[in-house]
Amino acid sequence: MTRWVLAHRWSVVLAWVVLTLAGGATASSTIDKLSYESRLPDKPAQEANDTLAQRFADTGGKNAPLLLVVTVPEGTTADNAAVRQEWGALVTEVTPRGGRSVSYASTGDDSLLSKDKRTTVALVYPPANPTNAPYAQSLPRIKKTVEQTRIAGAPVELTGQPVLSGRDSGAQRSPIHETLIGAVGALLVLVLVFASGLAIVPVLMAAVAIPTTFLLVRGVTGITDVSFIVQFLVALIGLGIAIDYALLVVTRWREERNKPGADGPEPEARKEAIVRSVASAGRAVALSGATVAISLAALVVLPVPFLRSVGYAGLLIPLVSVAVALTLLPVLLYAWGDTLDRPRRQHRPDSRMWSKVAALTTRRPALCAILSGALLLMLAAPVLALRLGQPETATLAQGGRPAKAFEQIVDAGFGEGIARPVEVLVDANGTDAMNDKLAGIDGVAGSVAPADWARDGGQIVDVWTTEDPSGSGGRDTVSTVVDTARETQGALAGGGPAQDADFIDAVYGSLGLIVLFVALITFIVLARTLRSVVLPLKALVLNALSTCAAYGVVVLVWQKGYGSEALFDTPAIGAVTIWIPMAVFAFLFGLSMDYEVFILHRIRETHLDLIAKGERNTVVPSVVTGISRTGRLVTSAALILFLAFTALASIPITDVKVFATALAAGIIIDATVVRGLLTPALVTLLGRSNWWFPRSVSRLLAIPGQASGSGPSPASDEAASGPEHSPEAPSPATRLPGVRRESRV
């Protein structure tokens, strides 16, 4: 394919220029087409919330209420007629047209009055807009009115989850700013790697891949809703992946240009270097893209449109990046590679530092495996305390008047769950019975059923828990409330807590089957490429460990609060939003497998070189060569992705910050502890069994030409590994100083 691309290079360049310009020109309108909806089709809570939105002008449902609270001075009570009249007038004034509200003034319900009768709270549901800030249109006026009002001389405070979570501002921005930051950081790393004009090449490839991916996302928006989060993923994850893939190919091209037969200025020599590079590094890039795409298939099969759209866009990111690296990049290297690689100097393909690291790990593989494995398990241990759900309101309530106002509500005995009630829609004739039944459930702090919350024969009952519905106790109470409400024929139970329970079931109900599917397909792809059963199994186990370690870091930082304010100037949220662990698995499993593929692909190349030269003890020299020639590459690629995820974490959306934290931690852990230490140690310990590949597996995977059941055939693999792996080619491993040729196995 590479020879065809070079023969038609003007057509290739023209095609990518058209796609890039079209994607760039339509990027803004593509972002405008993205959706803020997060629906759960065919789930009872979604049906309830849809019905509530339809009958009650998009108020309530999954959107939490605003809370108004006042504590009147001593000697006065909130049930005083004058106070009650003032309070009722204020609540009516701040309730937007089409909205609904409830207060002690309008209902006389004791659930909204403290035991000492000095504190009262009101719930206000403005009409919501379908964005990440549903009350953006109403809040400024409500805030202004509340700040200017006093009840019996006492100030009124405004709080509630929409205020505490920071989602009271409709200001949104595109990811251009963060992408530029990530690109500048990546360019600095590339300058250090290449020390020449080649540093700009991977960034140019990303500049092509990102607009092209946006163009394809625009096509997806015509078929299904696509989440607004996709714009950040395409821009920043796309930046990192496109640069990483280009970095791999350019690094190998520079190495090939120093080899006999491909080091001259004539066109054939330049072409030969590119063909060799793509035949080896290009294959690794294609395999890496395939593994990322496979892991993202986990999101596509979920019955959650929001996550499916993330999966669709995620699939496009590696596919476009691979296409750019295998078509446009060879053309650029052929035409401008030598010109950009200035100043010209002899480049050493082996990293001295990583040669020493590899020599150390192969000299003491058992000790290295134990220590690095123990470190991984320590990082992964906090995952056992992982709590899925929306952030507890108390964890959001840290600092500021809204936070103190919520503390005031809780201290007055209203219950933490008042910030996120369960909304039950029941036949109007059975409202009182339903209200009494739900109010009597253990763990319920209060319930209200205002007469004016009735439409089309149905009436709303709001129920809230003593404990936060995201906590274990509150979640159990919510489950009991929902089950009790649904026992009544025709009753619907919705609201945020009920939808959270359905979301967890939809996302994680089939988790085992999804993980098994991803693991099986990944194993097949790796086994066919590496001609090994052992290496793919090892890769899957290590990927699982590094993913769990990333989860552990998220639990420590965002759930427990160790560093969230210092690193992100954002308080811990006490729980991990439901969609994040699954999305992290889908992205991180594939991205971290990239480095495993790069390393094992190079180890296998060296192994085949040595086998072709008639050597049998190939394990240690293969590992040392593989690590020494990929260690610098993997470290640089991981650092680039880390910078991209750091830029992603600067997006002013807490969920995105948590997601980016997991990806950044996972990539760094994977590139250092897992691929730099644990992988070479385990490959060394496994010895010749690394290449165990029985004929039965070969036939099952439809691999032709497998000569033996114990390992790869030099003859059959020679062509597949590129022309540089011919028996006549010098073995790079034989030139490495300090590499012991004997096997430890």
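1. Digging into the sheet that holds strand β3 (residues 119-125)
Argument step 1. If you trace the 4 strands from one edge of the open sheet to the other, you get β2-β3-β1-β6, paired in antiparallel fashion. Looking at the sheet topology across the chains shown, the edges are occupied by β2 (100-102) and β6 (157-159). Taking each pair of neighbouring strands and ignoring which way they run, the sheet shows an average axis angle of 20°.
Argument step 2. Bridge count between strand β1 (residues 66-71) and β6: 3 bridges; the pairing is antiparallel. When the sheet's bridge partners are listed, V69 is paired in β6 with E157.
Argument step 3. In this fold helix α6 (residues 139-147) packs onto β1 and β6, with an angle of close to 150° to the strand it touches most, β6.

2. Digging into the nonpolar core
Argument step 1. Among the nonpolar cores identified, the biggest contains 164 residues, and I237, L299, W579, F587, Y595 and F659 are the most heavily contacted of them.
Argument step 2. Setting aside anything within four residues of it in sequence, one finds W579 in contact with I229, F306, L307, F503, Y508, D655 and F659.
Argument step 3. Ranked by size, the runner-up nonpolar core spans 48 residues in total, among them L68, V70, A78 and V102.

3. Let's talk about the packing of helix α10 (residues 230-256) against helix α12 (residues 305-340)
Relative orientation and spacing of two packed helices are given, respectively, by the angle between their axes and the distance between those axes.
Argument step 1. At their nearest, the axes of α10 and α12 sit 8 Å apart, and the two run at 35° to each other. Crossing handedness for the pair α10 and α12: right-handed. Where α10 approaches α12, its residues V230, L233, V234, I237, G238, I241, A242, Y245, A246, V249, V250 and W253 are matched on the opposing element by S309, V310, A313, I317, P318, S321, V322, A325, L329, L333, G337 and D338.
Argument step 2. Class assignment of the residues belonging to the contact of α10 with α12 gives a composition of 19 nonpolar, 4 polar and 1 charged.

4. Digging into the side chain of T484
Argument step 1. With respect to the helices and strands, T484 occurs in helix α18 (residues 472-486).
Argument step 2. By relative accessible area, T484 is classed as buried at 13%.
Argument step 3. A polar contact is formed between the side chain of T484 and the backbone oxygen of T480, at a distance of 2.7 Å.
Argument step 4. For T484, the residues in contact, after removing those within four places along its chain, are K437, L438 and I441.

5. Some words on helix α8 (residues 176-194)
Argument step 1. Relative to the 27 Å expected for 19 residues at 1.5 Å per residue, α8 spans 26 Å between its end C-alpha atoms, a close match to the ideal helical length.
Argument step 2. Among all positions of α8, only E178, T179, G182, A183, G185, A186, V189, L190 and F194 are buried.
Argument step 3. Those residues of α8 that are buried are in contact with α9 (200-221), α10 and α24 (619-649).
Argument step 4. Once α8 ends, the next one or two residues include A195, with phi positive near 50°.

6. Details of the pattern of salt bridges
Argument step 1. By the definition in use, this model includes 20 salt bridges.
Argument step 2. The partner of R629 in a salt bridge is E255, and the shortest N-O contact between them spans 3.1 Å. With R629 in helix α24 and E255 in helix α10, this pair connects stretches of sequence that are 374 residues apart.
Argument step 3. The exposure class assigned to E255 is buried, which follows from its relative accessible area of 11%.
Argument step 4. Note that K271 is salt-bridged to E268, the shortest N-O span being 4.0 Å. Taken together, the positions of K271 and E268, both in helix α11 (residues 267-300) and 3 residues apart, correspond to about one turn of that helix.
Argument step 5. On the basis of relative accessibility, which here comes to 21%, the residue K271 falls in the partly exposed class.

7. Concerning the packing of helix α17 (residues 431-439) against α18
Argument step 1. Two numbers describe how α17 lies on α18: the axes approach to 10 Å, and their chain directions differ by 150°. Viewed along their axes, α17 and α18 adopt a mutual orientation that is roughly antiparallel. The interaxial crossing formed by α17 with α18 has right-handed handedness. Here M434, K437 and L438 of α17 lie close against α18, whose contacting residues are V481, T484 and A485.

8. Thoughts on unusual backbone geometry
Argument step 1. With a phi angle near 65°, K117 is a residue other than glycine that sits in the positive phi range.
Argument step 2. Turning to its location among the elements, K117 is positioned in the loop between α5 (104-107) and β3.
Argument step 3. Positive phi, close to 50°, is recorded for D456, a residue that is not glycine.
Argument step 4. Residue position: D456 is located in the loop between β9 (454-455) and β10 (458-465).

9. Considering the environment of Y595
Argument step 1. Considering the arrangement of structural elements, one finds Y595 in helix α23 (residues 579-612).
Argument step 2. For the pair Y595 and A681, spaced 86 residues apart in the sequence, the C-alpha separation amounts to 16 Å.
Argument step 3. Excluding its chain neighbours within four sequence positions, the residues that come into contact with Y595 are D244, V634, A637, A638, L641, I667, D670, A671 and R675.
Argument step 4. A polar side-chain atom of Y595 sits 3.3 Å from the main-chain amide nitrogen of A638.

10. Description of the environment of P402
Argument step 1. Position of P402 relative to the elements: it lies in helix α16 (residues 401-411).
Argument step 2. Looking at P402, the relative accessible area reads 24%, which means it is partly exposed.
Argument step 3. Counting along the chain gives 242 residues from P402 to G160, while the straight-line C-alpha distance between them is 7.5 Å.
Argument step 4. Setting aside residues no more than four positions away along its own chain, P402 makes contact with L158, T159, V163 and L164.

11. What about the packing of aromatic side chains?
To describe a pair of aromatic rings, one takes the distance between the centres and the angle between the planes.
Argument step 1. Per the counting criterion, the structure on display carries 8 aromatic pairs.
Argument step 2. For the pair F306 and W579, a centre-to-centre distance of 5.4 Å together with 90° between the ring planes defines the contact as edge-to-face. Taken together, the residues F306 in helix α12 and W579 in helix α23 connect sequence positions 273 residues apart. Each member of the pair, F306 as well as W579, is classed as buried.
Argument step 3. A network of ring pairs unites the aromatic residues F306, W579, F587 and F659 as a single cluster.
Argument step 4. When the ring centre of Y104 is taken as reference, the NZ or CZ atom of R84 above it lies at 4.8 Å.
Argument step 5. Directly above the ring of Y334 sits R270, whose terminal nitrogen or CZ lies 4.4 Å from the centroid.

12. Observations regarding the pairing of strand β7 (residues 422-427)
Both faces of the sheet carry side chains from a regular strand, because those side chains alternate between them.
Argument step 1. Counting buried positions along β7 yields 5 of 6 residues, so the element is predominantly enclosed.
Argument step 2. Two strands pair when backbone bridges link them, and β7 and β10 are joined in this way by 6 bridges, in the antiparallel orientation. The partner of E423 across the bridge, within β10, is D462.
Argument step 3. By the bridge criterion, 3 bridges tie β7 to strand β11 (residues 492-494) in an arrangement that is antiparallel. Bridge pairing links E423 to G494 in β11.

The rules we used
Residues numbered from 1 in each chain as written. Predicted model: local features only at pLDDT ≥ 70, side-chain atom pairs only at ≥ 80, totals over all residues. Heavy atoms only, no water. Pairing = 2+ DSSP bridges. Helix = DSSP H or I, 4+ residues; strand = E, 2+ residues; numbered from the N terminus. Axes fitted to C-alpha atoms, helices over the stretch in contact; angles between N-to-C directions. Contact = heavy atoms within 4.5 Å. Core = buried A, V, L, I, M, F, W, Y, C linked by side-chain atoms within 4.5 Å. Buried < 20%, exposed > 50% of the residue type's maximum accessible area, 1.4 Å probe, protein only. Left-handed = near helix turned anticlockwise from the far one by under 90°. Nonpolar A, V, L, I, M, F, W, Y, C, P; charged D, E, K, R; others polar. Polar contact = N/O pair within 3.5 Å; in protein donor to acceptor, adjacent residues only side chain to side chain. Expected span 1.5 Å × (residues − 1). Salt bridge = Lys/Arg side-chain N within 4 Å of Asp/Glu carboxyl O. Parallel < 35°, antiparallel > 145°, perpendicular 65-115°, else oblique. Phe/Tyr/Trp six-rings, centres within 6.5 Å; stacked < 30°, edge-to-face > 60°. Lys NZ or Arg CZ within 6 Å of the ring centre and 35° of its normal.

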